[in-house]
Amino acid sequence: MASQNPICQAVNLSDGQPCTSIATTWENLFCRFHGKQCHGLYIGYKRRNAKLDALSDHAPSYLRAATIPLANETFENVKDEKSLREIHSHLYQEYVLLGKVIDARRLHHKHFFPLQMDYGHQAYLDTLSNRRHIVLRALEKLETRSAQVLFEKEKWYTWIREVQKEEEATREKESKKVKLEAAMFKRHWKKMQTRLRAQREKEEKQRQDTYLEIAYQERMSATLDSEDDDEMWDPIEDVVEDERSRFVDLIKHFLWMEVLTDVDENDNTTQKAAASTDLPADVEKLAISEDKQPKKSKKKSKSKASKTSNAPNNTKNQTATSSKDRRTGQSRIMEMIDDEEKASEELPEPDKGNIETESEMRKRLKEGVEKNYDDIEGPILVGTLEVPHGTHLKTAPLADEEIESLTKDIKEIKLLLFCRLLLSHASLLPAAVRASSVEEFLSDPEIAASDLRDLCLKVEQPSLQDIRDACADLIRGDEPEAEEKDGDIAEEESFEDVILQERRYGYLQDPDWFVTNMLAQRKKLIDSKEGLPKLKKTFKKRRRQPKKMKIQVCGKSIWNYSSENSMSRDGWLQFSVMAKNCDLKHAVQLCRNWNEFSQLNFLTIWQYFPASNWVSWGSDRLTQQLHELGFFPYFKDFEASKQSRYLQVGGRSQGRRQHNFVEARNIIVGHMRRNDSVTRRFLQYCAMRTGELLLLVRDGKTGKIITAPEEENLWTVRHKEGLGRASKNEWEVLLEVGHDYFYMADLLRKWRLGFEDYYEVWLWDFVPCNDPIPLYNTIVSELRKAWRVTKPLELYTHREPFLRGLTRDKETMRVRSIRPGEQVSSLWDDINHPDSTFFTADVVNKKILETNGEAHHEASPYLFYNEGDAAEDLVLFSDELISPNRDVPFREVSNSITRLETTPATMINVLAEEARTISKRNKAQSDSPNVDDDDGDDDDWTTDHEFGGNAEKKRIVTHWSLPQIWEDAIVIVNFTHISSERKQLLRRVGLLSEMSGKIRGGINNFNDVESKIKAADRIMIMERDRGSAFVEAFHAGDLEPGAQEKYAETCKILSGILGSHQTGGSTDWVWFVVNIIDWLGLRTDYDTYIREPRAGWPHPFITQDIVKAFAEMAMFFPNLEQCKPLTSFFESTEGSKYKDSLLLNPHERAKSLPDCRTRKSFKFRPQEFWKEWQTVLDKADENGEYYADVYPINWSVVVRPILAKLYLAGIITPAYLQNDPLIVPGFAVANEEPDRPGKMDLFMDYADRQKAIQYPQNIPGFVTPDQWTVLLPCAQAFAAKHTSSSRFAILRVWSAPHFYPAMLGDWNRHATAFLDGHARAWIWKFIPKDMPISEWSMYNTMKLRLELLKDQLALGERVFYRSEVILVMGLDEADLLKYVTAVVFAIQTKPWHREIDLWKSFVNVDLQFLERLDPYWLD
């Protein structure tokens, strides 16, 4: 058999394909061409090895003398430029030689001996590669040191080093760069066909035998060992140059400077096929090794049987994984919590590998692309102004003029992007600074191919942030951008705020918040002389902004900071075109603030961007509507009805009762703008609808929980199962809003914001198992009202400035910006066009209402913002009367009742008061002119008197403090002789100090107060605090015209009297008060406390209470000697302005009756009073309508402001009750009383038609009002029996027009719940006057209290009562003062929340005055 001709085993250098020529040289291994090439390559790398070995003998003196290894060298000791250049020249030469040696050896082995495995050769190559890497890093450090020596005086050097350090910290490993390089060439191989053909032509030319023979003869004629002749056959120089040129060509391709064209379209089919051949073997193998080749395991592989046995398990695991992936919403959350899944670092970026050519981009913009609706979750509404017909499938094409403009801008942006990327490369920066253009930079021969490779990888796949920065650079140009003012309001937390927040929401928010704020409070409370001046400098110095500067890189000006301003719509248009595969979910992460984010969303809704992936952002109608109204959801679960189940079997059958219940609530979580008036209104509206939805708000900047529902309502999924009756079993909470839910919901989200200017809003159903539409409709309705939209057209009003700047091409339907001076119809004009039709869905009545933008006449007045909403807003947001669009933060409604419910501890209140005092003092100091001057005198910041040792001796006003006038008077008494009889009197009442024989004083020292608090009964402290909080809330909820002003005047007079100093004069009043205490059988030194609610004493505040009662009454007895020290207040400068007050003139006060509704309760009102309301209910039932949709709007205007005032005061609160008449017994209505025509007021209908509550039928001791004592005959009988000097007092216990000062327990509040005209559920915290038999409740309270002193007061002889009105009678003024002081004390002492209304009381009057009084005053 004839032997076959051997084939050359070499691989072509050009395309990596095996050679097909006959082997004739090197023992029939290679063809003639590859034999010469192999020999030349071998001789070449041997020669370069010799040069490399000799290079170390000629190293610069610094490197020869260095004791530090080159890998650790930083060249900090090199000071002069000449030495740096010598070292650089040497290292660069070594780096280049190493590269050529390594490349030549690899080339030699790969292309001529590809089938042989030489491990020794590979080990040597690894050593050389490591050495080359060390030299490369040394060069970078040398470049850094050179730049420091050369450019240290340049302004831009510091920030350039910061950029370079950041790049060095995140640098990829060399092995990974090699794989990335191979993948890059694989992606762009088609674009490299031009260079590939040139290489093949060159190699074919060398193949020609004639050319080889001539070359060989020429070589033989010269010296056989000529190195120059050998190098002619050494291809390494061509390979190195080709490698460098490939990177340069790719960079130019990426920058659209030199397009690497595809195969010519005019070529024939054969040429086209040849041009699209497979990748070179080296590139293909690298790519395969990266993507497909499995990692080799050091362990022995398992047997086939083992692998086979594991196959079913793998299938099961895959099935479980796929089922897990299918789970969404709260089911997925619960699974993640169980599995303890961890968060990924950040969202994955989109694929940016396929960079378009200029022609491809033009074609895409000209023809449009299909829209990607993969992530759409709801219905898409086509035919609207935002999505006209013909635009929902493909993006609208751009006009040629717009494409030309975009192309020009993008070319410039690519150059700016390239220049900004250069800043992070220390080795490239000097060349970039020297170059005047990108072309000049790329032509610089000193730039190594490895640096070009790293740069090429960066340019091919820039981050989205880099693209955004480059777009912003184009806009700002060579001028620094003006800083946008930060509208954020700095919120300083007080000590009280921090404590209240931690006690209220500490279980929900991050512990770091509390620690951080407590440390801040600690700094404020530092009382050392050196501490506060130091803090002053720390806190008053503003953080200095880095100076704006720029550097010229390749002829382009690059600023030292990324643009922090909002990017214009043109900038985002350029971004969307360049990052064509980017999703809007990634783009929003690049927004600098809420305004930019909101504008980007708005432009996307109106299809401004020709990007196919951006349409999935909020394109479904439900999400789009929320976006338009400023709510951006990122997590939702609307499958509560599917997840819930109620399975119950058994009962009267033979089997036992069994139950299996699961209840789930719909939930939606999203972002809203922080510190925004619309957001504040929306959140406040939602907080008042606890019967429908529950609200939790987290501050995106601070992490603070601003509001949240009660802890028992945080659940969203719960479970109950077992044997027996379900009602006897407890619910097990499977999922609740809290730390784990926050974490897992953030883990599942598909987009994030790049700023903190937002609130995180959690909204979920109150009623479980509901359909999602009611929750959605409630949110949308409240959002519309928060924007104060009164008609459909106004939905677009807040976007009018943007809409006026955009127009839609009538042919292509493309939305674009209106150019300056262009006269075209804007989108705002289209919206207001007469042909535009607005459709409104009336969900309740199931109607579609069609209008031209105005409110439909058939629509419910409550569909949009109405007069009732406006009247309520005037109360809830009264600050908007001054500035309607203020950027104010949302705060939970706070009043004395909410603070009390959070923390009733007096100690906290004392510390908070001290903290507030210091804060106010610091604020006053900070307002002085010297504070902002850093060079000012630090000693002015504080003084020893303010913060030094005397602070502890400062008077602290607390519950234990005695009135100042009493303290002064007992000092005078203690300086005089006290008789033994009086000492006995003082001993009986507990005022005598046995050690000194004097009257005991009060507790005004901080340490003494602290010790008292620790020793006091906890319930007593709570009741004392509660009393003060109740009184504050009562008067805030007093809506009688002028009542609050009158009460404020009373408080000023009383505090003036009690706080005045007595420096002399009679102290008989002290003994008068002591005698009253003794007469009543009380002591002032009780150290026990009875928790019985009806007991008025014992407690340690007897002295304070009776002195206050005496002061209140003494002002009405100016002629008595005992009252002179107190009534002298009206002669002082402070008190003289109250001398002519109507409070002291009962005759004038009696002439004007209070302008408020009567106290009559629902039970005792005639049926005619409710006739109009009953008509409204009957009409609603007849038409199948909900009562809230037909509730008279004029009633809402009256009722809702009143309810808002009571809500702010803490008298009523939103109820955690389903807003259904089956659950809630009452309704709030408006009506007129016969004696107040034309004055509508709030009344409660407690008819309870659906029997929601079972009211008690037989109440022990119940007395109807017609059985109460009539007071005037009692006074007349007393006057007839005694002397003509008899004096009388009519005392009226304070009450508001709508409620009594009597608390309702939590167990009783459901009975007072009511629905308002807006279908919101409320409960009363105090007894409403409309509650059935509320009159008797107050009557019984007075009876029980006065009967505590029945014998002393001669109840039924000297004292009579009729509900809250009390008649007190005395033989003369002194006798009346004694009795009336005792009555006032009995009413106002424990529980300290009842008061005598002095403006409606008449003290120290005669019988004729009583007989002339209007009957109202005595009823």
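Bear in mind the structure is a predicted one, so any value in this text is a computation, not a measurement.

Considering the overall build of the protein chain
Link 1 in the chain: Of the regular secondary structure elements, the protein chain holds 54 helices and 28 strands.
Link 2 in the chain: Going through the 1419 residues of the protein chain one by one, you find that 51% of them count as buried.
Link 3 in the chain: Counted over contacts in the protein chain with a minimum sequence separation of 6, partners at least 24 positions apart contribute 77%.

With respect to the packing of helix 16 (residues 400-422) against helix 24 (residues 569-578)
Link 1 in the chain: The contact between helix 16 and helix 24 brings their axes to 10 Å, and the two run at 80°. Relative to helix 24, the element helix 16 lies roughly perpendicular. Seen from helix 16, the contacting residues are Glu-402, Leu-406, Asp-409, Ile-410, Ile-413 and Lys-414; seen from helix 24, they are Leu-573, Gln-574, Val-577 and Met-578.
Link 2 in the chain: Of the residues assigned to the contact of helix 16 with helix 24, the class counts are six nonpolar, one polar and three charged.

Some points on helix 39 (residues 980-989)
Link 1 in the chain: By the burial criterion, the buried members of helix 39 are Leu-985, Leu-986 and Val-989. Relative to the axis of helix 39, the buried residues are bounded by an arc of 95° and lie together on one face.
Link 2 in the chain: Residues of helix 39 that are buried make contact with strand 16 (992-993), strand 17 (998-999) and helix 43 (1068-1079).
Link 3 in the chain: In the segment just after helix 39, Gly-990 is the residue with positive phi, at about 80°.

A word on the pattern of salt bridges
Link 1 in the chain: Under the definition given, this model contains 57 salt bridges.
Link 2 in the chain: In this structure, Glu-782 and Arg-689 form a salt bridge, with 3.0 Å as the shortest nitrogen-oxygen distance. Highlighted residues: Glu-782 in helix 31 (residues 772-786) and Arg-689 in the loop between helix 29 (677-687) and strand 7 (693-699), separated in sequence by 93 residues.
Link 3 in the chain: Judged by relative accessible area, Glu-782 falls into the buried class, the value being 3%.
Link 4 in the chain: Taking the shortest distance from any N to any O, the salt bridge between Lys-1239 and Asp-1155 comes out at 3.2 Å. Remark: Asp-1155 occurs in the loop between helix 46 (1146-1149) and helix 47 (1171-1183) and Lys-1239 occurs in the loop between strand 19 (1226-1231) and strand 20 (1241-1245); sequence separation between them is 84 residues.
Link 5 in the chain: Residue classification places Lys-1239 among the partly exposed residues on the basis of a relative accessible area of 39%.
Link 6 in the chain: Given the relative accessible area of 31%, Asp-1155 is considered partly exposed.
Link 7 in the chain: One salt-bridge network, held together by shared partners, links Arg-680, Arg-681, Arg-788, Asp-873, Asp-879 and Glu-880.

Side note on the sheet that holds strand 3 (residues 632-637)
Link 1 in the chain: Taking strand neighbours across the sheet as the criterion, the five strands line up as 3-6-11-7-8 in an open arrangement whose pairing is antiparallel. The open sheet has two edge strands with one neighbour each: strand 3 and strand 8 (705-707). Strand-to-strand twist across the sheet, computed as the mean angle between neighbouring axes with direction ignored, equals 20°.
Link 2 in the chain: In the packing of helix 27 (residues 621-628) onto the sheet, the strands contacted are strand 3 and strand 6 (667-673), and the crossing angle to strand 3 comes to about 140°.

Digging into the packing of helix 39 against helix 43
Link 1 in the chain: Contact geometry of helix 39 with helix 43 gives a least axis separation of 9 Å together with a crossing angle of 50°. Compared by their axis directions, helix 39 and helix 43 come out oblique. For the element pair helix 39 and helix 43, the recorded crossing hand is left-handed. Mapping the contact onto sequence places Arg-982, Leu-985, Leu-986, Arg-988 and Val-989 in helix 39 and Trp-1071, Val-1074, Asn-1075, Ile-1077 and Asp-1078 in helix 43.
Link 2 in the chain: Considered class by class, the residues forming the contact of helix 39 with helix 43 number six nonpolar, one polar and three charged.

Side note on the packing of aromatic side chains
The description of an aromatic ring pair rests on the distance of the ring centres and on the angle between the ring planes.
Link 1 in the chain: Counted under the stated rule, the structure contains 57 aromatic pairs.
Link 2 in the chain: Aromatic pair Phe-631 and Phe-682: ring centres 6.4 Å apart, planes at 55°, arrangement tilted. Placement of the pair is Phe-631 in the loop between helix 27 and strand 3 and Phe-682 in helix 29, with a sequence separation of 51 residues.
Link 3 in the chain: A centroid spacing of 4.9 Å and a plane angle of 90° characterise the contact between Phe-1030 and Phe-1326, whose relative ring orientation is edge-to-face.

Quick word on the sheet that holds strand 28 (residues 1402-1405)
Link 1 in the chain: Read from one edge to the other, the open sheet built from four strands follows the order 26-27-21-28, with strand pairing classed as antiparallel. With one partner strand each, in any of the chains shown, strand 26 (1359-1362) and strand 28 form the two edges of the open sheet. Averaged over neighbouring strand pairs, the angle between their axes works out to 10° when direction is ignored.
Link 2 in the chain: With six bridges joining them, strand 21 (residues 1287-1292) and strand 27 (residues 1365-1370) adopt antiparallel strand pairing.

Topic: a nonpolar patch on the surface
Link 1 in the chain: Nonpolar side chains collect at one region of the surface, where Leu-874, Leu-881 and Ile-882 lie side by side and expose about 370 Å² of accessible area between them.
Link 2 in the chain: Inspection of the secondary structure puts Leu-881 in the loop between helix 34 (867-876) and helix 35 (896-902).
Link 3 in the chain: A relative accessible area of 60% places Leu-881 in the exposed class.

Describing the environment of Glu-710
Link 1 in the chain: Among the structural elements, Glu-710 can be located in the loop between strand 8 and strand 9 (715-723).
Link 2 in the chain: As for Glu-710 and Tyr-505, which are separated by 205 residues in sequence, their C-alpha atoms are 9.8 Å apart.

Thoughts on the environment of Glu-1040
Link 1 in the chain: By the secondary structure assignment, Glu-1040 is in the loop between helix 41 (1018-1036) and helix 42 (1043-1059).
Link 2 in the chain: Overall, Glu-1040 belongs to the buried group, its relative accessible area being 9%.
Link 3 in the chain: Each C-alpha atom, one on Glu-1040 and one on Pro-1154, is 7.6 Å from the other, the two residues being 114 residues apart in sequence.
Link 4 in the chain: Those residues in contact with Glu-1040 that lie beyond four places of it in its chain are Pro-1154, Asp-1155, Cys-1156, Pro-1297 and Lys-1400.

Details of unusual backbone geometry
Link 1 in the chain: In this structure, the amide linkage connecting Trp-1097 to the following residue, Pro-1098, adopts the cis form with an omega of 10°.
Link 2 in the chain: By the secondary structure assignment, Pro-1098 is in the loop between helix 43 and helix 44 (1102-1114).
Link 3 in the chain: Residue Pro-1391 follows Lys-1390 across a cis peptide bond; omega there is 10°.
Link 4 in the chain: On the secondary structure map, Pro-1391 appears in the loop between helix 53 (1373-1388) and strand 28.
Link 5 in the chain: Positive phi, close to 50°, is recorded for Asp-1248, a residue that is not glycine.
Link 6 in the chain: Relative to the helices and strands, Asp-1248 resides in the loop between strand 20 and helix 50 (1271-1281).
Link 7 in the chain: Overall, Asp-1248 belongs to the buried group, its relative accessible area being 4%.

Focus on the pairing of strand 24 (residues 1321-1324)
Link 1 in the chain: The two faces of strand 24 match: Ala-1321 and Ile-1323 on one face and Trp-1322 and Trp-1324 on the other face are all buried.
Link 2 in the chain: Taking the residues that link successive antiparallel strands as the turn, the strand 23 (residues 1314-1315)-strand 24 hairpin has five residues, and the phi of Ala-1319 there is positive, at about 60°.

Considering the side chain of Thr-716
Link 1 in the chain: Position of Thr-716 among the secondary structure elements: in strand 9.
Link 2 in the chain: A distance of 2.7 Å separates the side chain of Thr-716 from the side chain of Gln-330, its partner in a polar contact.
Link 3 in the chain: Not counting the four nearest positions on each side in its chain, Thr-716 is found in contact with Gln-330, Glu-663, Ala-664, Arg-665, Ile-667, Leu-735, Glu-736, Val-737, Tyr-741 and Trp-764.

Digging into a negative patch on the surface
Link 1 in the chain: A surface patch of like charges, here negative, comprises Glu-710, Glu-711, Glu-712, Glu-736 and Asp-740.
Link 2 in the chain: On the accessibility criterion, Glu-710 (39% relative accessible area) is partly exposed.

Observations regarding the confidence of the model for the protein chain
Link 1 in the chain: Considering every residue of the protein chain, the mean pLDDT works out to 79; 77% of them sit at 70 or more.
Link 2 in the chain: Counted against residues more than four places away or in other chains, residues 222-232, with its pLDDT under 50, gives seven contacts.
Link 3 in the chain: Below pLDDT 50 for its whole length, residues 259-324 participates in 47 contacts with residues either more than four positions away or in separate chains.

Cut-offs used in this document
Residues numbered from 1 in each chain as written. Predicted model: local features only at pLDDT ≥ 70, side-chain atom pairs only at ≥ 80, totals over all residues. Heavy atoms only, no water. Helix = DSSP H or I, 4+ residues; strand = E, 2+ residues; numbered from the N terminus. Buried < 20%, exposed > 50% of the residue type's maximum accessible area, 1.4 Å probe, protein only. Contact = heavy atoms within 4.5 Å. Axes fitted to C-alpha atoms, helices over the stretch in contact; angles between N-to-C directions. Parallel < 35°, antiparallel > 145°, perpendicular 65-115°, else oblique. Nonpolar A, V, L, I, M, F, W, Y, C, P; charged D, E, K, R; others polar. Arc of directions from axis to C-beta. Salt bridge = Lys/Arg side-chain N within 4 Å of Asp/Glu carboxyl O. Pairing = 2+ DSSP bridges. Left-handed = near helix turned anticlockwise from the far one by under 90°. Phe/Tyr/Trp six-rings, centres within 6.5 Å; stacked < 30°, edge-to-face > 60°. Patch = residues over 30% accessible without salt bridge, like charges linked within 9 Å, V, L, I, M, F, W, Y side chains within 5 Å. Areas by Shrake-Rupley, 256 points an atom, 1.4 Å probe, with all protein chains shown as cover. Polar contact = N/O pair within 3.5 Å; in protein donor to acceptor, adjacent residues only side chain to side chain. Lys, Arg positive; Asp, Glu negative; His and termini not counted. Charge placed at Lys NZ, Arg CZ, Asp CG, Glu CD. pLDDT = per-residue confidence, 0-100.

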